[in-house]
Amino acid sequence: MTNQPFFTKDGDAFIPTQASNGPWDPNSMHGRVVIGLLAFAIEQRHGSDDFTPARLTVDMFRLPNIQTAVEVTTRLVRDGKRIRVVEAEFLSGGVSMARASCQLLRRTENAPGNVWSPANWDAPRPADIPAPTDPRLGMNGKWSTRPISGAMGSLGPRRLWMSEVRELVEGVPMTPFVHVATGADFASPFANAGDQGLGYINSDVTLYLHRLPVTRWVGFEVVNHHATDGVAIGECWLYDEQGPIGTSTVAALAQKKPMANPPPP
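Each chain carries its own residue numbering, running from 1 in the written order of its sequence. Totals for whole chains, interfaces and linings use all residues, but because this is a predicted model, local features are given only for residues with pLDDT of at least 70 and pairs of side-chain atoms are given and counted only at 80 or more. With hydrogens and water set aside, each side-chain value is computed from the structure's full complement of heavy atoms.

**Q** Is there a simple way to think about helix α3 (residues 176–183) in this case?
**A** Here's how the labels work: a residue is buried when its accessible area is under 20% of the maximum for its type, exposed when over 50%, partly exposed in between, all with a 1.4 Å probe on protein chains only. Under the scheme used here, helices are H or I runs from DSSP no shorter than 4 residues and strands are E runs no shorter than 2 residues, and both carry numbers assigned from the N terminus. Counted residue by residue, α3 has 7 buried out of 8 residues, so it is predominantly covered. For α3, the complete set of buried residues consists of Phe-177, Val-178, His-179, Val-180, Ala-181, Thr-182 and Gly-183.

**Q** Would you mind showing me how to read the pattern of salt bridges here?
**A** Note that side chains of opposite charge can pair when their charged atoms are close. A side-chain nitrogen of Lys or Arg and a carboxyl oxygen of Asp or Glu constitute a salt bridge if their distance falls within 4 Å. All chains considered together, the criterion is met by 8 salt bridges. Note that Asp-122 and Arg-159 form a salt bridge whose closest N and O atoms lie 3.2 Å from each other. Linking Asp-122 in the loop between β6 (95–106) and α2 (138–141) with Arg-159 in strand β8 (residues 159–164), this pair joins segments that are 37 residues apart in sequence. Relative accessible area serves as the criterion here: at 65%, Asp-122 is assigned to the exposed category.

**Q** Help me understand empty space enclosed by the protein in this model?
**A** Left-over empty space is what a probe sized like a water molecule reveals as it rolls over the atoms. Cavity means a closed set of points on a 1 Å grid over the protein atoms alone, one where a 1.4 Å probe fits but cannot get out, pocket means an open set with protein on both sides within 12 Å along at least 5 of 7 lines, and lining means a residue has an atom within 4 Å of a point. Grid points are joined across faces, edges and corners, and a volume is the space filled by probe spheres set on the points. Using the criterion set out here, one finds 1 cavity of 30 Å³ or more in the structure. Met-162, Glu-164, His-179, Val-180, Gly-183, Val-218 and Phe-220 are the residues that line the largest cavity. Contributions of two or more residues to the lining of the largest cavity are made by β8, α3 and β11 (218–228). Per-element accounting of the lining of the largest cavity gives the leading share, 3 residues, to α3.

**Q** Teacher, can you tell me more about the side chain of Thr-182 here?
**A** When you line up the elements, Thr-182 lands in helix α3. Any pair of residues with heavy atoms lying within 4.5 Å of one another is described as a contacting pair. For Thr-182, the residues in contact, after removing those within four places along its chain, are Arg-32, Gly-36, Glu-164, Leu-168 and Met-174.

**Q** Explanation requested: the packing of helix α1 (residues 31–46) against α3 in the structure shown.
**A** Across the interface, α1 lies against α3 with an axial gap of 7 Å and an inter-helix angle of 155 degrees. By the angle between their axes, α1 is roughly antiparallel relative to α3. Where α1 crosses over α3, the handedness of that crossing is right-handed. Counted together, Arg-32, Ile-35, Gly-36, Ala-39, Phe-40 and Glu-43 of α1 and Phe-177, Val-178, Ala-181, Thr-182 and Gly-183 of α3 form the full contact between these two elements. Charged residues are taken to be Asp, Glu, Lys and Arg, nonpolar residues to be Ala, Val, Leu, Ile, Met, Phe, Trp, Tyr, Cys and Pro, and polar residues to be all remaining types, Gly included. Along the lines of polarity and charge, the residues of the contact of α1 with α3 split into 6 nonpolar, 3 polar and 2 charged. Fitted lines through C-alpha atoms give the axes, limited to the stretch in contact for helices. The angle between two N-to-C directions lies from 0 to 180 degrees. Here the word oblique covers every angle except those under 35 degrees (roughly parallel), over 145 (roughly antiparallel) and from 65 to 115 (roughly perpendicular). Helix crossings are classified by the rotation of the near helix relative to the far one: an anticlockwise turn of less than a right angle makes the crossing left-handed, while a clockwise turn makes it right-handed.

**Q** Would you mind showing me how to read the side chain of Ser-20 here?
**A** Here Ser-20 is to be found in the loop between β2 (13–16) and α1. Here Thr-17 takes part through its backbone oxygen, which lies 2.7 Å from a polar atom of the side chain of Ser-20. Leave out the neighbours within four places in its chain, and Ser-20 touches Phe-6, Ser-28, Met-29, His-30, Val-33, Ile-66 and Lys-142. Any N or O atom pair separated by 3.5 Å or less is treated as a polar contact, with the protein-specific requirement of one donor-capable and one acceptor-capable atom, and with residues adjacent in sequence counted only for side-chain atom pairs.

**Q** How do you make sense of the environment of Ser-96 when you look at a structure like this?
**A** Here Ser-96 shows up in strand β6. Judged by relative accessible area, which is 16%, Ser-96 ranks as buried. Through-space distance from the C-alpha of Ser-96 to that of Pro-64 is 9.1 Å; in sequence the pair is 32 residues apart. Sequence-distant contacts of Ser-96, defined by excluding residues within four places in its chain, comprise Phe-61, Arg-62, Glu-89, Phe-90 and Leu-91. A polar contact is formed between the side chain of Ser-96 and the side chain of Glu-89, at a distance of 2.7 Å.

**Q** Before we go on, may I ask you to explain unusual backbone geometry in this structure?
**A** Excluding glycine, residues mostly carry a negative phi; peptide bonds, for their part, are mostly trans. Despite not being glycine, Asp-229 has its phi angle at roughly 55 degrees, a positive value. Positionally, Asp-229 belongs in the loop between β11 and β12 (231–240).

**Q** Can you help me understand the nonpolar core in this one?
**A** The nonpolar side chains of soluble globular proteins are, as a tendency, buried together. To form a nonpolar core, buried Ala, Val, Leu, Ile, Met, Phe, Trp, Tyr and Cys residues must be joined to one another through side-chain atoms within 4.5 Å. Phe-7, Leu-37, Leu-56 and Phe-90 are the most contacted members of the largest nonpolar core, which totals 58 residues. If one sorts the elements of this core by residue count, α1 sits on top with 9 residues. Filtering out sequence-adjacent residues up to four positions away, Leu-56 remains in contact with Ile-35, Ala-39, Ile-42, Ala-100, Ser-101, Cys-102, Phe-177, Ala-181, Val-205, Thr-206 and Leu-207. Counting 6 residues, the second-largest nonpolar core is a separate cluster that includes Ile-129, Trp-161, Trp-217 and Tyr-239.

**Q** Got a minute to help me understand the pairing of strand β3 (residues 51–60) in this structure?
**A** In terms of burial, β3 is a largely internal element, 9 of the 10 residues being buried. Here the rule is simple: two strands pair whenever DSSP picks up at least two bridges between them. Pairing between β3 and β6: 9 bridges, direction antiparallel. For Val-58, the partnering residue across the bridge sits in β6 and is Ala-100. Inspection of the sheet shows β3 paired to strand β10 (residues 204–209) by 5 bridges, in the antiparallel sense. Bridging across to β10, Thr-57 finds its partner in Thr-206.

See the structure below:
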C-alpha cells in the first residue's frame, strides 16, 4: 500500500499525518479517523475471534488538531461469558476529544425459526461499476468509491460502495472491523447533505453490526434523515458484497456556515 497512512506510531502515541485532516478545517482531524482509531485500540486490546463487535458508539465533542500527538486509553467494563463491554477515550495533547463504548457479543448459533428481514439490495458489484474520474470523489483520494445511485445532496435515493485505500496505522493492515468503523462516519454527510450543501456536522456515530464485512467494499444506502431545531439524525444501511452487515446512525448539529459545496461521495 503506497498511500500515506492516517497515523504513524511513536511508542504509545499515534502521530496524525496530513491525510487525517477533515473537511471543516484543514488543521482539524476527520471524524472517520477518530472513530477508526478508537475501534483499532478496542479490537487490538480487547477483541477475540469468539466475539463480534456488535455495537460501537463514539461521541465526538472536540475537533482534534492534526499537528498534535494522540493517545487512546481503554477500560474493560465487563468481561462476561457472553457480553464484553469496553470503553475507550481519544486524547489529543492530553485533552479528551472523543470517547467510545463498544459491546462485543459471543458468537453462537442463530435462534430457531424464521424472522422477517428486509430484502437484500439489488446493487451492482463494485467491479461492475466504472471508477469515477472526478478527483473530488472520495475527498481526493482519502478513500475509493463506486457510486450506485444519487449523489451527495441529491433529493432521492442515495447508494454507493466505499473502500479504504490507505492504512489507518502505518504498518498495520486494516481488519474488517477497523475498515467498517473508519468508514461509518460517512453516514452523516451522505444522509444529511441537502440541496444547499452540507449544513450539519455530526457529534456521534453508532455502528451496529451483526457480522463483519468479508470484502473490502462496504455499501452505504441512505434510509433516514430528519431534523428539528437544528438537531438532525441520519442513518445508512450497510452491506458488503455478500449482503447486509449492519447500520450506521449519526446525530448532527446545524452549522452556522454550511459547507456550500461538499465533496461528492
